[in-house]
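For reference, the chains in residue letters:
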Amino acid sequence: MADRLPPLTALRAFEAAARYLSFAKAADELAVTPAALSYQIKNLEEHLGAPLFRRLNRAVELTEAGRTLLPEVSGGFDALRRGWRNTQRLMDTSTLVITAGPAFTAKWLAPRLYSFAQAHPDIDLRFAASLKVMDFERDEVDIAIRFGLGTDEGLFSEPLYEGWLTPMMRPDVAERIKAPENLLKETLIHDDSLSFLSNPPNWERWFEAEGVAHGILKGPRFSQADHALDLALEGAGVVLGRSSISLNLLRTGALVAPFELALTADAMFRLVCPLGHETRPAIAQFREWVHGEVARDKPLEVGHRFVHIG
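The residue numbers shown here count from 1 along each chain, following its written sequence. Two thresholds apply to this predicted model, a pLDDT of at least 70 for residue-level local features and 80 or more for giving and counting side-chain atom pairs, whereas whole-chain, interface and lining totals are computed over all residues. As a rule here, side-chain values cover all heavy atoms of the structure and leave hydrogens and water aside.

### Comments concerning the pairing of strand β11 (residues 261–265)
Step number 1: Burial within β11 is extensive, with five of its five residues counted as buried.
Step number 2: Summary of the burial criterion: residues with accessible area below 20% of their type's maximum are buried, those above 50% are exposed, and those between are partly exposed, where the area comes from a 1.4 Å probe applied to protein chains only. Each helix corresponds to a stretch of at least 4 residues labelled H or I by DSSP, and each strand to a stretch of at least 2 residues labelled E; elements are numbered beginning at the N terminus. Residue alternation in β11 divides its side chains into two sets, Leu261, Leu263 and Ala265 and Ala262 and Thr264, and both sets are buried.
Step number 3: Relative to strand β13 (residues 305–309), β11 runs parallel, the two sharing five bridges. Looking at β13, one finds that alanine 262 is bridged to phenylalanine 306. Two strands are said to pair when DSSP picks up at least two bridges between them.

This is the structure we're talking about:
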């Protein structure tokens, strides 16, 4: 049996006809006449030595040979399309698609982007804010900022930011809080976004680290960190705030963090991209900028006493 492949145009005609189970619809998609498409498929069947379709009165159906061939041909065309798109993206130095969590995107990235845009006016930044771990090829993403305990096997991955948590509140709320135990009289806002960790940093851990006895800690609970932070911004209580989304608010004074004790955990933020892409000019420039922004936040850690919750 000869291994010589048939013409690509014939395989393309077969794939479209098998997908629609209609020569007319396949011909319309490929912008050819039904007669031309039928001719391509007939040549393919002659090349194979077996029919791929059963021609019925008003429809067609796949033969066993057609059903066997279809998934491999479809997969081959999918691979070709992915390869072509990836090569186009590689050549595109003007667009950078970044994915990060919604809270991190809104509270940390977005307020700072003007500085990157000013320094790199030739790069068009696009963001996909999602908690889903996106696939670089399928979702056409260039670089990801991921948080958690992942190992990112087979990808380029570098640490970005560990982060910490400490009580945060509006300045007017802070005026009546002089000691850690005073917090027990306030509405405690619970951020459950780190509950996926085996030993998550939370209000219970913070009070224990401070040596403050407590009973059941009530208060509103949020699965999204930025929602918990927004309630504290309204003056409705005190949140054990995550530094990753609150540093801009602490810098401007919208929120204050009056206590030294801050908790850290094993999970951290990482910069991730396909292996070998880390040196692409746009990605390298973004990496340099984002690490610079993290370094700019370091002074806000001064005065805190860190306790690791592992």
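### Points about the sheet that holds strand β3 (residues 95–100)
Step number 1: Pairing in this open sheet of five strands is mixed, and the strands run β4-β3-β5-β12-β6 from one edge to the other. Two strands close off the open sheet at either side, each with one partner strand: β4 (124–129) and β6 (155–161). Sheet twist, expressed as the average angle between the axes of neighbouring strands with direction ignored, equals 25 degrees.
Step number 2: Bridge count between β3 and strand β5 (residues 143–148): two bridges; the pairing is parallel. Residue pairing across strands places threonine 99 opposite alanine 144, the latter belonging to β5.
Step number 3: Each of β3, β5, β6 and β12 (268–274) touches helix α11 (residues 281–296); the most contacted strand, β6, lies at about 20 degrees to it. Whenever a helix is involved, its axis is fitted only over the stretch in contact; in every case the axis is a line through C-alpha atoms, and angles between N-to-C directions fall within 0 to 180 degrees. Residues count as neighbours in contact if any of their non-hydrogen atoms are within 4.5 Å of one another.

### Comments concerning the pattern of salt bridges
Step number 1: Every case where a carboxyl oxygen of Asp or Glu lies within 4 Å of a side-chain nitrogen of Lys or Arg is listed as a salt bridge. Per the counting criterion, the structure on display carries 21 salt bridges.
Step number 2: Arginine 270 is the partner of aspartate 152 in a salt bridge, and the nearest nitrogen-oxygen pair spans 2.6 Å. Of this pair, aspartate 152 sits in the loop between β5 and β6 while arginine 270 sits in strand β12; the two residues are 118 residues apart in sequence, bridging distant segments of the chain.
Step number 3: The class for aspartate 152 is buried, based on a relative accessible area of 10%.
Step number 4: Shared partners join several salt bridges into a network, and the residues in it are Arg112, Arg251, Glu293, Arg296 and Asp297.

### Quick word on unusual backbone geometry
Step number 1: One non-glycine residue with positive phi stands out, namely alanine 31, at about 60 degrees.
Step number 2: Counting through the fold element by element, alanine 31 comes out in the loop between α2 (23–30) and α3 (34–48).

### Focus: the packing of helix α1 (residues 8–20) against α2
When two helices pack together, their arrangement is given by the angle between their axes and by how far apart the axes lie.
Step number 1: With their axes 8 Å apart at the nearest point, α1 and α2 run at an angle of 130 degrees to one another. Relative to α2, α1 is oriented oblique. Handedness of the α1/α2 crossing: right-handed. Contacts between α1 and α2 involve Arg12, Ala13, Ala16, Ala17, Arg19 and Tyr20 from the former and Phe23, Lys25, Ala26, Glu29 and Leu30 from the latter.
Step number 2: Charged means Asp, Glu, Lys or Arg here, nonpolar means Ala, Val, Leu, Ile, Met, Phe, Trp, Tyr, Cys or Pro, and polar covers whatever is left, Gly included. When the residues that make up the contact of α1 with α2 are grouped by side-chain class, the tally is seven nonpolar, no polar and four charged. Oblique is the label for any angle not covered by the other classes, which are roughly parallel (under 35 degrees), roughly antiparallel (over 145) and roughly perpendicular (65 to 115). In this scheme the handedness of a crossing depends on how the near helix is turned from the far one: anticlockwise by less than a right angle means left-handed, clockwise means right-handed.

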